[in-house]
Each structure stands twice: as structure tokens, then as C-alpha cells.
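# Summary of the model geometry
So the chains spell out like this:
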Amino acid sequence: MTVQQTSISSADLLSRRDAGSGWHAQIPDDKTMLRAARDLTKDIAAHRADIYWPDMVGSALVGYGALAGAILTGSLPLAILLAGVAVLALYRALLFIHEISHLRNGTLPGFRTAWNVLVGIPMLTPSFMYEGVHTLHHKRTQYGTIEDPEYLPLALMKPWSLPVFVLVALLAPAALLLRFAVLVPLGAIIPPIRRLTWQRLSALAINPEFRRRPPEGDLRPRVFWQEVGGMVWGWALIASVFAFGWKPLLVAFAVAAVVALLNQLRTLVAHLWENEGEAMTVTAQFLDSVNVPPPGRIAEIWAPVGLRYHALHHLMPSMPYHSLPEAHRRLVGELATDSSYHGANHAGMGVLVARIARNTMRPRG
């Protein structure tokens, strides 16, 4: 049986959204959609260790194996091919940090520690850089406001802001090495450097106004050990130049830079970025977010680990990534064609980038 829409039609929602800036404040919550998202997915809400562990560990091992091959081979075409495999595999492994930020204590025992050892510390992006930060992005009263660490009104900014936003990601490997190898030990000696490093350089945030608060509870010891691990690994990377020459580090940096670039492109199309700072309803947040569902397959490459269903994730932040495709199928099948749920589904990255670019070129009053 098809669930009937009881709040506001999809056509009305989309017409308000496409009318221009300020549409968020006009969007009421679609209670039928919210209720369906809750009721239709209760049986698929468990995190399955038999999926998480092989996916994460396998992605990391494939990525490091391909990276080693790219470093060791004497063939440039083969090195490029292996580096491409390393980028995609390590990118997938790295994005499990998003899942970790939503895991409750006791869910998937040992997974966070294993991920940090295999992926987070080797890539100088330990889980503390997202834990306690990403959840602020999901707070009902903070999403899209100045207090959201992961939101900028990119669609309302100048056209040059988009390429700058994307290309700055190429500097991430060097910046992370500086943070862990230099600023962490300096901060242990000079408290002002420690405070600055924590407030400004300890979160995967895009909002330049965000300042991170001191860690609390069980996050504090995790931060200590993860920073120590990152510092030791940073020193090892620097020392590797004297032991093995520049090639291994430069190839690894190139792979890491492309991983960061790919993630920044994904971030660029994770939302429509059209909010001007006002608080939004859950439905408005959903419509400002993006699903790129099948039949297209390429989205699974640039938005893996469930992130092609980013709007759906904002409806159900605790839903495990492996259940999002089934949750999407159920909602599409059960909700009426005029449901606001369909308003967050988009065709692909190209369409989304073009939309944001057009919006940056609109004259502002």
C-alpha cells in the first residue's frame, strides 16, 4: 500500500526551494516522510560486524598493496594505474571515519582502534578529528548555521570560491604532517601552540569560524594516544627520506593528496549549500542534502560507504552504511510520488556541481 502524503507536496517544496535564497525557513517538516523513515527501517538498523570488518580491512590492504606497487615498479604507466587503485581503496578505507563518528560505545568492539592503527594514524587522520565534531553537523538547531563546523553557503559565495575550496585539499598531506610531526611536540612545550592546534587544526571542518572545544570524557585519552601515534608516524615519514630517498614519500603524498581532493569533491556535492545561516527543519535539512541513488553506478566510487545516500543519512544518522540502499528502496517504494523524499534525489556529481556553480553566478541584492 502506498503511504499518502499528509503535510506538503513535493511540488510545493521544490518550488519553494528553487525560488532562491531563504527558502529553508519556509519548509515545514514532512511528518509522513519522517514517520516512514522511522517505521520502515527498524529491522535493518543493526551494525553488522561481518560487513564492517572485511570491508574496512580489505580496502586498507588493497590500498597499501597498490601503493607499494606504485612505489616499487619501474614502469610509469603501471605506477599510475597502481596509484589510481591505491587512491580509490584508501579513500574507501578512510571514509569509515564517518561511520566511526556515529558508533555508540559498545557497538563493533575494537573497530575504532583497529581502524586507527590501519588507516587513521598512517594517513594522519585519526578518528578524534571527526568524533565529537561531525555530530554537531547533525544537531537540529546547528545544521547550516554559523555553529555548524561542516557547513558553508558555498552556493551563495563568489564563483572563484568553488575551485579554491576544492584545490586547497591538495595541501592536506603536508598540513597534516606539519600538525603531527611539528605542532604536537611543540604544543607539549608551549601551551599557546597547543591551544591553537586544538582549536583550529584538530577537526575535519570547513567552516573557518569553527573553534573546537577541549575534549571531554573518554575522548580525552583517545586524543592523547592518537596524537602520540600520529607524531611518531610523522617522524617516521620524515626519517624515511634519509633511509629510502624521496620517491616513496612523494608517491605516498601524491596518493594522499588525490584522496583528499576526491573527498573534497564529494563534500562539494554532499549538500546544496544554499542556507544563509538560519535554523532549519529536518525536512529542509534533508532537501539541502543529496542522494545520488542507482541506476547510476559511478557514485559508488566517489561516494562510497553509504555516502551516496547522504540526504537519507541525515534522516537516520545512526543507520549503518550497509543498510542505506535497502532503506532507500523501501522509502521509494512506499512513499507517494509527490513525497518530499524524492526531492533530495539527484542524477550525479556533474549536475550538482553545475547547480552550485550557477548559483554562485547569480546577482546578489
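For the structure itself, look to the data block above.
Criteria and thresholds
Residues numbered from 1 in each chain as written. Predicted model: local features only at pLDDT ≥ 70, side-chain atom pairs only at ≥ 80, totals over all residues. Heavy atoms only, no water. Helix = DSSP H or I, 4+ residues; strand = E, 2+ residues; numbered from the N terminus. Rg over C-alpha atoms; globule rule 2.2 N^0.38 Å. Buried < 20%, exposed > 50% of the residue type's maximum accessible area, 1.4 Å probe, protein only. Contact = heavy atoms within 4.5 Å. Areas by Shrake-Rupley, 256 points an atom, 1.4 Å probe, with all protein chains shown as cover. Lys, Arg positive; Asp, Glu negative; His and termini not counted. Charge placed at Lys NZ, Arg CZ, Asp CG, Glu CD. Expected span 1.5 Å × (residues − 1). Bend = angle between axes of the 7 residues up to and from the residue. Salt bridge = Lys/Arg side-chain N within 4 Å of Asp/Glu carboxyl O. Polar contact = N/O pair within 3.5 Å; in protein donor to acceptor, adjacent residues only side chain to side chain. Axes fitted to C-alpha atoms, helices over the stretch in contact; angles between N-to-C directions. Parallel < 35°, antiparallel > 145°, perpendicular 65-115°, else oblique. Nonpolar A, V, L, I, M, F, W, Y, C, P; charged D, E, K, R; others polar.

Let us now look at the overall build of the protein chain. Along the backbone of the protein chain there are 17 helices and 0 strands. Whereas a compact globule of 365 residues would reach a radius of gyration of roughly 21 Å, the protein chain reaches 21 Å, a difference of no more than 12%. Taken along its principal axes, the extent of the C-alpha atoms in the protein chain is 65 × 45 × 45 Å. Counting only residues that meet the buried cut, the protein chain has 50% of its 365 residues in that class. Sequence separation of at least 24 residues holds for 75% of the intrachain contacts in the protein chain that already meet a minimum separation of 6. Per element, the accessible surface of the protein chain, about 17,000 Å² overall, is 67% carbon and sulfur. The average position of the 32 basic charges and that of the 25 acidic charges among the side chains of the protein chain differ by 5 Å.

Under the 1.5 Å per step criterion, the end-to-end length of helix 11 (residues 219–244) is 36 Å for 26 residues, consistent within 8% with the ideal 38 Å. Of all bends in helix 11, the biggest is about 25°, found at Ile238. Listing the buried residues of helix 11 in full gives Leu219, Arg222, Val223, Gln226, Glu227, Gly230, Met231, Gly234, Leu237, Ser240 and Val241. Where helix 11 is buried, its residues contact helix 6 (111–120), helix 9 (172–189), helix 10 (191–201) and helix 12 (247–268). Of the residues flanking the end of helix 11, it is Gly245, one or two places downstream, whose phi is positive at about 85°.

Attention now goes to the pattern of salt bridges. Tallied over the entire structure, the rule returns 15 salt bridges. The salt bridge partner of Arg355 is Glu274, with a shortest N-O separation of 3.0 Å. Taken as a pair, Arg355 in helix 17 (residues 349–360) and Glu274 in the loop between helix 12 and helix 13 (282–287) lie far apart in primary sequence, 81 residues in all. Overall, the relative accessible area of 16% leaves Arg355 in the buried class.

This next bit is on helix 4 (residues 76–94). Since one α-helical turn is 3.6 residues long, residues separated by three or four positions face the same way. Along its 19 residues, helix 4 runs 26 Å from first to last C-alpha, staying within 8% of the 27 Å computed at 1.5 Å per residue. Its buried side turned inward, helix 4 meets helix 3 (49–72), helix 5 (96–102), helix 6, helix 12 and helix 14 (299–302). With a side-chain oxygen lying 3.4 Å from the backbone nitrogen of Leu78, the N-terminal cap of helix 4 falls on Ser75.

What follows concerns the packing of helix 3 against helix 6. At a minimum axis separation of 11 Å, helix 3 and helix 6 run at an interaxial angle of 5°. By the criterion of interaxial angle, the relationship of helix 3 to helix 6 is roughly parallel. Residues Tyr52, Trp53, Met56, Val57, Ala60 and Tyr64 of helix 3 touch helix 6, and the partners they reach there are Phe111, Ala114, Trp115, Leu118 and Val119. Classifying every residue of the contact of helix 3 with helix 6 gives 11 nonpolar, no polar and no charged.

With that settled, consider unusual backbone geometry. Here the bond from Pro294 into Pro295 is cis, since omega is 20°, no more than 30 degrees from zero. Within the secondary structure, Pro295 is located in the loop between helix 13 and helix 14. The phi dihedral of Leu108 is positive, around 50°, even though this residue is not glycine. Using a relative accessible area of 9% as the deciding quantity, one classes Leu108 as buried. The phi dihedral of Leu124 is positive, around 55°, even though this residue is not glycine. For Leu124, the position within the fold is in the loop between helix 6 and helix 7 (134–137). Judged by its relative accessible area of 5%, Leu124 is buried.

Topologically, Asp30 is positioned in the loop between helix 1 (10–17) and helix 2 (31–39). Reaching out from Asp30, the side chain makes a polar contact with the backbone nitrogen of Thr32 at a distance of 3.3 Å. Here Met33 takes part through its backbone nitrogen, which lies 3.1 Å from a polar atom of the side chain of Asp30.

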